Amino acid sequence: MCRHLGWLGADVTVSSLVLEPRYGLRVQSYAPRRQKNGLMNADGWGVGFFDGAPDPAVPRRWRSAAPLWGDVSFESVAPALRSHCVVAAVRSATVGMPIEASATAPFTDGRWLLSHNGVVDRAVLPPTPAESACDSALLAATIFARGLDALGETIAEIGAADPAARLNVLAADGSRLLATTWNETLSILRRDDGVVLASEPYDDDGAWEDVPDHHLVEVTSERVTFTALDNPKGS
Ligand code: GLN
């Protein structure tokens, strides 16, 4: 994925996060402002969220291999989808990766939603069953197998094994948002009703802050925590 967004807070509509903001993911699908790798994100989109029914711990997902900007069904339904915890993404496929809905974030293990903005050499990942041969799907399967509590260590290890990797991951389980910065951009917006983590700001609100590179961010209803990750390049 080349641009992703996570929300933890009050119940809001999916459209208020993804479609309505002036520079939200819909606009980022054709005109991202801060993307360093790739020009646009036309290779699919995905939205996952927790809505409490029938099992509050099990997320719902809606993914497509078509561009977000032209999806009139999503545009029609998104204002009716409400959630306190959302992971959404638009994709710019890395050269050589399949373009299919199953290669599109968010990935899930049935409890966590996970998006990857970046690229990783699949040869450094352990052989793990994944829903697509895409690097991001394999990375997600590796992270799920190791457990999200080890996310920071897993990313630092993979980053050491593949110095060219870009490993911005965003994950949520309904009560926590976790994100890493590893050679891609990430911003945070602390609103009165919740917290947004996004690859780039979705509007010009002066309250957006840049998350420093090579960090782990954890958001709960109580606090936001930043932890520096071991970085072999030392930057
Ligand atoms: N490598 C991933 C893919 O091909 C993510 C790409 C990206 O972040 N631009 O889907």
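- Under an unreviewed UniProt entry, the name given to the chain is Gamma-glutamyl-hercynylcysteine sulfoxide hydrolase, and the organism recorded is Mycobacterium servetii.
- Among the UniProt annotations of the chain, the heading Catalytic activity (unreviewed entry) holds the following wording: "gamma-L-glutamyl-hercynylcysteine S-oxide + H2O = S-(hercyn-2-yl)-L-cysteine S-oxide + L-glutamate".

**Here we look at the sheet that holds strand β6 (residues 113–119)**
No. 1: Across the sheet, which stays open at both edges, the 6 strands sit in the order β5-β6-β7-β8-β12-β13 with antiparallel pairing between neighbours. The open sheet terminates on both sides in strands that have one partner only, identified here as β5 (107–108) and β13 (224–228).
No. 2: Both strand β7 (residues 166–172) and strand β8 (residues 177–181) contribute to a ladder of 3 bridges, which runs antiparallel. The residue bridging A171 from the neighbouring strand is L178, located in β8.
No. 3: Packing against the sheet, helix α5 (residues 151–161) makes contact with β7, β8 and β12 (215–219), and its axis sits at approximately 160 degrees to β7.

**Some points on the pairing of strand β9 (residues 187–191)**
No. 1: Pairing of β9 with strand β10 (residues 194–198) involves 5 bridges; the strand directions are antiparallel. When the sheet's bridge partners are listed, L189 is paired in β10 with V196.
No. 2: What sits between β9 and β10 in their antiparallel hairpin is a turn of 2 residues.

**Some words on the sheet that holds strand β11 (residues 209–210)**
No. 1: The antiparallel open sheet is built from 7 strands, whose spatial order is β3-β2-β4-β1-β10-β9-β11. Across the chains shown, the open sheet's two edge strands, defined by having one partner strand only, are β3 (60–64) and β11.
No. 2: Alignment of β9 against β11, held across 2 bridges, turns out to be antiparallel. Opposite S187, over in β11, you have D210 as the bridge partner.

**As for the state of the cysteines**
No. 1: All chains considered together, the criterion is met by 0 disulfides.
No. 2: There is no disulfide at C134, and the cysteine sulfur nearest it, in C2, is 11 Å away.
No. 3: Classification of C134 as buried rests on a relative accessible area of 2%.

**A few points about α5**
No. 1: Turning to α5, its buried residues are L151, G152, T154, I155, A156, I158 and G159.
No. 2: Next to the buried residues of α5 lie α4 (135–146), β7, β8 and β12.

**Quick look at the pattern of salt bridges**
No. 1: Going through the model one piece at a time under the given rule, you end up with 15 salt bridges.
No. 2: Between R3 and E200 there is a salt bridge, with its nearest N and O atoms 2.7 Å apart. Residue R3 is located in strand β1 (residues 3–13), and its partner E200 is located in the loop between β10 and β11; the two are separated by 197 residues in the primary sequence.
No. 3: In this structure E200 comes out as buried when scored by relative accessible area, which is 0%.
No. 4: Between D193 and R191 there is a salt bridge; the shortest N-O distance is 2.9 Å.
No. 5: The exposure class of D193 is partly exposed, given its relative accessible area of 30%.

**Regarding a nonpolar patch on the surface**
No. 1: Nonpolar side chains collect at one region of the surface, where Y30, L39, M40 and W69 lie side by side and expose about 460 Å² of accessible area between them.
No. 2: Inspection of the secondary structure assignment puts W69 in the loop between β3 and α3 (72–77).

Parameters and conventions
Residues numbered from 1 in each chain as written. Predicted model: local features only at pLDDT ≥ 70, side-chain atom pairs only at ≥ 80, totals over all residues. Heavy atoms only, no water. UniProt positions renumbered as here; feature names shortened; annotations may be inferred. Pairing = 2+ DSSP bridges. Helix = DSSP H or I, 4+ residues; strand = E, 2+ residues; numbered from the N terminus. Contact = heavy atoms within 4.5 Å. Axes fitted to C-alpha atoms, helices over the stretch in contact; angles between N-to-C directions. Disulfide = S-S within 2.5 Å. Buried < 20%, exposed > 50% of the residue type's maximum accessible area, 1.4 Å probe, protein only. Salt bridge = Lys/Arg side-chain N within 4 Å of Asp/Glu carboxyl O. Patch = residues over 30% accessible without salt bridge, like charges linked within 9 Å, V, L, I, M, F, W, Y side chains within 5 Å. Areas by Shrake-Rupley, 256 points an atom, 1.4 Å probe, with all protein chains shown as cover.

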